[in-house]
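Residues per chain, in single letters:
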Amino acid sequence: MSNTAIVVVAYNRKHSLIRLLKSISKANYNSKNIPLIISIDYAEDNQEVVDIANSFEWYNGTKKVIYQKINLGLRKHILKCGSYAVTYGSAIILEDDLFVSPNFFEYTLAALKFTNDKQYIAGISLYNHQFNVHSRSNFSPIIDGYDNWYFQFASSWGQAWTKNQWLLFITWYNNQGSLSPNTNLPANVIRWSDKSWLKYYIAYLVETDTYFLYPRASYTTNFSDIGTHIGKDTTTFQVPLAFGNNNEFRFSNLQESSSVYDVFFENKKLHSYLNVPIEQLIIDLYGQKKSTENYRYLLTDKILNYKIVKTFGRSLKPHDANIINSIKGKDFFLYDCKTTQTNPYKIDSYRKIIYNIKSLKGKEAKIVLFKKLREMQEKFFKKQ
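What counts and how
Residues numbered from 1 in each chain as written. Predicted model: local features only at pLDDT ≥ 70, side-chain atom pairs only at ≥ 80, totals over all residues. Heavy atoms only, no water. Patch = residues over 30% accessible without salt bridge, like charges linked within 9 Å, V, L, I, M, F, W, Y side chains within 5 Å. Areas by Shrake-Rupley, 256 points an atom, 1.4 Å probe, with all protein chains shown as cover. Salt bridge = Lys/Arg side-chain N within 4 Å of Asp/Glu carboxyl O. Helix = DSSP H or I, 4+ residues; strand = E, 2+ residues; numbered from the N terminus. Expected span 1.5 Å × (residues − 1). Buried < 20%, exposed > 50% of the residue type's maximum accessible area, 1.4 Å probe, protein only. Arc of directions from axis to C-beta. Contact = heavy atoms within 4.5 Å. Axes fitted to C-alpha atoms, helices over the stretch in contact; angles between N-to-C directions. Parallel < 35°, antiparallel > 145°, perpendicular 65-115°, else oblique. Left-handed = near helix turned anticlockwise from the far one by under 90°. Nonpolar A, V, L, I, M, F, W, Y, C, P; charged D, E, K, R; others polar. Core = buried A, V, L, I, M, F, W, Y, C linked by side-chain atoms within 4.5 Å. Pairing = 2+ DSSP bridges.

1. Some remarks on a nonpolar patch on the surface
No. 1: A surface patch of nonpolar side chains, amounting to about 400 Å² of accessible area, comprises Y350, I353, I354 and I357.
No. 2: Structurally, Y350 can be placed in helix α10 (residues 349-355).

What follows is the structure, given as structure tokens:
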């Protein structure tokens, strides 16, 4: 993996590119033979971006700047850049609105080496999610003592592939048409723009029952600068970066990990704490799964009229820790869906909201509320 290529994907965001390249230049490297490729999609009046790429000095190997002759769009551009994993044996893909940890390269080399012979791993993330993009709520995986966790959700905010991982995906992708509605996929993923390559990779993970290996500490963070997918910049997806020196990583395999999550951000290992057969259980703590048919047991925060087998509180964080530790409360319910029974409880909406917020002062709350109302008003009048 010593010739793993770093591939920077750029378009027309010159300030974003400068920021990313600066963070790359300050990172730690164990070799002076690292290929750097800066691939710039075509755009009118894009000479400044090309000049920035050409003038960047790379002291750790060869540098190649590629300016696409036509506009590929984000999906085709990423897929073209992903093919460098075949050319070089492995590749790291970094879009221009990212910022990397000084240790991003060392972590990625270790992860690539670990995953190389594991068929259940279809890619490596450099980013660590702390936000559930489906439910728009906080998320963190269970800490189980390892430097990684598993997620059936591909990464687009810093990712790496071995040659084999990429070839398996692209072979599957070339046989696909458009994605159809599928209860095994979150509805919002299906609705993503046709410019999205990510939704295809997510569908691939679900269909093949494979995972991305995610880091416990994040080695990239996302500025969400205005661009193809982002209408205005936001700090929603900013996460703390790993700045400490760490040359040794302790990776878990899939079987021994307690931190394995499906495409809905649900912990797939919770069944072992519920004393019910895994094939008869559906876990829906975030309330995003639409189909619960063919399952006898359902774990959710929804108020439903089924027999309640057990209840749990919403106190520990992350919320699946409440199930693991059998925390008392009436926030999550394990239902036996074969038996109808009136549920006497009600959702405590205030408790649910506060669980996701550390603190919000009176004046701050008014500012947030006013801004949200104004955004809703703007959307309403645009539809008229």
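2. Digging into helix α1 (residues 14-25)
No. 1: Helix length check: α1 (12 residues) gives 16 Å between terminal C-alpha atoms against 16 Å at 1.5 Å per residue, within 8%.
No. 2: Among all positions of α1, only S16, L17, L20, L21, S23 and I24 are buried. Viewed along the axis of α1, the buried residues span an arc of 160°, placing them on a single side of the element. Exposed positions of α1 whose direction lies more than 90 degrees from the buried face are H15 and K22.
No. 3: Looking at the packing, one finds that the buried side of α1 touches β1 (5-10), β2 (36-40), α2 (47-55), β4 (90-95) and β5 (98-100).

3. Observations concerning the packing of helix α3 (residues 73-82) against helix α6 (residues 163-173)
No. 1: Look at α3 against α6: their axes get within 11 Å of each other, and the N-to-C directions meet at 140°. Accordingly, the angle class assigned to the pair α3 and α6 is oblique. Where α3 crosses over α6, the two elements pack in a sense that is left-handed. Contacts from R75, I78, L79 and G82 of α3 reach α6 at W166, F169, I170 and Y173.
No. 2: Of the residues assigned to the contact of α3 with α6, the class counts are 6 nonpolar, 1 polar and 1 charged.

4. Here's the deal with the nonpolar core
No. 1: One finds I6, I24, L94, F104 and Y201 to be the most contacted residues of the largest nonpolar core, which totals 94 residues.
No. 2: I6 has contacts with I24, Y29, I34, P35, L36, I37, W58, I92, L94, F104 and F105, leaving out every residue within four places of it along the chain.

5. So, the sheet that holds strand β11 (residues 211-215)
No. 1: Pairing in this open sheet of 9 strands is mixed, and the strands run β3-β2-β1-β4-β10-β6-β11-β9-β13 from one edge to the other. Each edge of the open sheet is held by one strand with a lone partner, namely β3 (63-67) and β13 (260-261).
No. 2: Two strands pair when backbone bridges link them, and strand β9 (residues 148-151) and β13 are joined in this way by 2 bridges, in the parallel orientation. Along β13, the bridge assignment pairs F151 with Y261.
No. 3: Sitting on the sheet, helix α5 (residues 104-115) is in contact with β1, β4, β6 (121-125), β9, β10 (159-162) and β11, with an inclination near 170° to β6.

6. Here we look at unusual backbone geometry
No. 1: Cis rather than trans, the peptide bond between K317 and P318 has omega equal to 0°.
No. 2: Summarising the element assignment, P318 is placed in the loop between β16 (306-312) and α9 (320-324).
No. 3: For R136, which is not glycine, the phi dihedral falls at a positive 60°.
No. 4: With respect to the secondary-structure elements, R136 resides in the loop between β7 (131-132) and β8 (137-138).
No. 5: According to the relative accessible area criterion, R136 is exposed, its value standing at 54%.
No. 6: Unusually for a residue other than glycine, N275 sits at a positive phi of about 60°.
No. 7: Following the sequence through the fold, N275 ends up in the loop between β13 and β14 (281-284).

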